[in-house]
Amino acid sequence: MATTTAEPVESHRPHRVRTVSTRTIARITGLLYVLIFVTAGFSEGFVRATLIVPGDATATAANIVASEGLFRLGVVSDLIAFSADAVVAVLLYVLLRPVSRTLALVAAALRLVAHPAIASINMLNQFMALQLLTAPEYQAVFTPEQLDALAFLLLTAHGYGYLIGGIFFGFHLLVLGYLLYQSELFPAILGGLIVLAAVGYLTESFVFFLVPTYEPIASTIVLVTAVIGEMVLALYLVVRGVRTQPPATSEVA
């Protein structure tokens, strides 16, 4: 008796693929960049600037214990910034890979190492400083002066970690600036401003480790260049998105 096998029935319904425009991606990137500025600025410019007293471990410890909730909020705010930075790294890669897929990937990798990786792990220094000052098991072993000193040491290590991450971030901005300068989507001036910000980050980190006497000057340089360069880029992405919407072109390796 002959047998027949049922052939699979092909569905003729078209697959609906949703695409996101380049301008929308750019604006999402800009909004996340602004979120990074707000959250990281709150943590560094308000929480740590308010609670940490340079050169005074005892006063710093007293401030943290008295404002534990604010200190914890600063930690969470930083983690939000680093999470957003991971997404920004990917979205910038998507926007700039038509210029050079290889360089866009290098830029994304450097940014992912700088903030989501190094800076996130570096937050352990901050959190462990809080644990030393508030957890009873440590207070039973160390004297108050020892706890204050150890906590201050961890907070100092956190600052060093930021400078180490700043080296990777500076090199990221160098590559990013070149890609922005070459891209048809953005005005060349944005690339130049980002390169200046890169010089600021690299100057601050290398000066601190090589010639720490001039670190205050280097910190002022990075503050000015980073605020101008990165904030202008973020606002341009939010307001304008991209300069043009060119037709799809072959990507450069």
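How each quantity is defined
Residues numbered from 1 in each chain as written. Predicted model: local features only at pLDDT ≥ 70, side-chain atom pairs only at ≥ 80, totals over all residues. Heavy atoms only, no water. Helix = DSSP H or I, 4+ residues; strand = E, 2+ residues; numbered from the N terminus. Buried < 20%, exposed > 50% of the residue type's maximum accessible area, 1.4 Å probe, protein only. Contact = heavy atoms within 4.5 Å. Areas by Shrake-Rupley, 256 points an atom, 1.4 Å probe, with all protein chains shown as cover. Axes fitted to C-alpha atoms, helices over the stretch in contact; angles between N-to-C directions. Parallel < 35°, antiparallel > 145°, perpendicular 65-115°, else oblique. Left-handed = near helix turned anticlockwise from the far one by under 90°. Nonpolar A, V, L, I, M, F, W, Y, C, P; charged D, E, K, R; others polar. Polar contact = N/O pair within 3.5 Å; in protein donor to acceptor, adjacent residues only side chain to side chain. Lys, Arg positive; Asp, Glu negative; His and termini not counted. Salt bridge = Lys/Arg side-chain N within 4 Å of Asp/Glu carboxyl O. Arc of directions from axis to C-beta. pLDDT = per-residue confidence, 0-100.

### A look at the overall build of the chain
In terms of regular secondary structure, the chain is built from eight helices and zero strands. Written out in order from the N terminus, the α and β elements of the chain read α-α-α-α-α-α-α-α. Taking all 253 residues of the chain together, 38% fall into the buried category. For the chain, restricting intrachain contacts to residue pairs at least 6 apart in sequence, the fraction spanning at least 24 positions comes to 78%. Per element, the accessible surface of the chain, about 14000 Å² overall, is 69% carbon and sulfur.

### Examining the packing of helix α6 (residues 144-182) against helix α7 (residues 188-210)
At a minimum axis distance of 7 Å, the contact between α6 and α7 shows a crossing angle of 155°. When the axes of α6 and α7 are compared, the pair comes out roughly antiparallel. Classified by chirality, the crossing of α7 by α6 is left-handed. Its residues placed into classes, the contact of α6 with α7 shows 23 nonpolar, five polar and one charged.

### Some remarks on the side chain of asparagine 122
Take asparagine 122: it is sitting in helix α4 (residues 101-134). What makes asparagine 122 buried here is its relative accessible area of 7%. Polar contacts involving the side chain of asparagine 122 include one to the main-chain carbonyl oxygen of histidine 158, which spans 2.7 Å. Every residue in contact with asparagine 122, bar those within four places of it in the chain, is listed here: Ala157, His158, Gly161 and Tyr162.

### Examining the side chain of glutamate 204
Tracing the backbone shows glutamate 204 in helix α7. Buried charge glutamate 204 goes without a salt bridge, the closest partner of opposite sign being arginine 48 at 12 Å. Excluding anything up to four places from it in sequence, glutamate 204 contacts Leu163, Glu215, Ala218, Ser219 and Val222.

### Brief notes about the packing of helix α3 (residues 68-96) against α4
Relative to each other, α3 and α4 sit at 170°, their axes nearing to 9 Å. By the angle class used here, α3 and α4 are roughly antiparallel. The residue inventory of the contact of α3 with α4, partitioned by class, reads 19 nonpolar, five polar and six charged.

### Details of the pattern of salt bridges
For the structure shown, the criterion picks out four salt bridges. Between glutamate 44 and arginine 48 there is a salt bridge, and its shortest N-O distance comes to 2.8 Å. Highlighted residues: glutamate 44 and arginine 48, both in helix α1 (residues 22-51), separated by four residues, approximately one helical turn. By relative accessible area, which is 7% here, arginine 48 ends up buried. Note that arginine 72 is salt-bridged to glutamate 68, the shortest N-O span being 3.0 Å. Linking arginine 72 with glutamate 68, this pair stays in helix α3, spanning four residues, or about one helical turn. Taking the relative accessible area as the measure of exposure, glutamate 68 reaches 27% and is therefore partly exposed.

### Here's the deal with helix α2 (residues 57-66)
All of the buried residues along α2 are Thr60, Ala61 and Ile64. Down the axis, α2 shows its buried residues gathered within 100° of arc, on one side only. Among the exposed residues of α2, those oriented more than 90 degrees off its buried face are Thr58 and Ala66. Buried-residue contacts for α2 involve α1, α3, α4 and α6. A side-chain oxygen of the first residue of α2 lies 3.3 Å from the backbone nitrogen of threonine 58; this N-cap is aspartate 56.

### Describing the confidence of the model for the chain
Mean pLDDT over the chain works out to 89, with 89% of the residues at or above the 70 mark. Across residues 247-252 the pLDDT falls below 50, and counting only partners more than four positions away or on other chains, this stretch makes nine contacts in the model.

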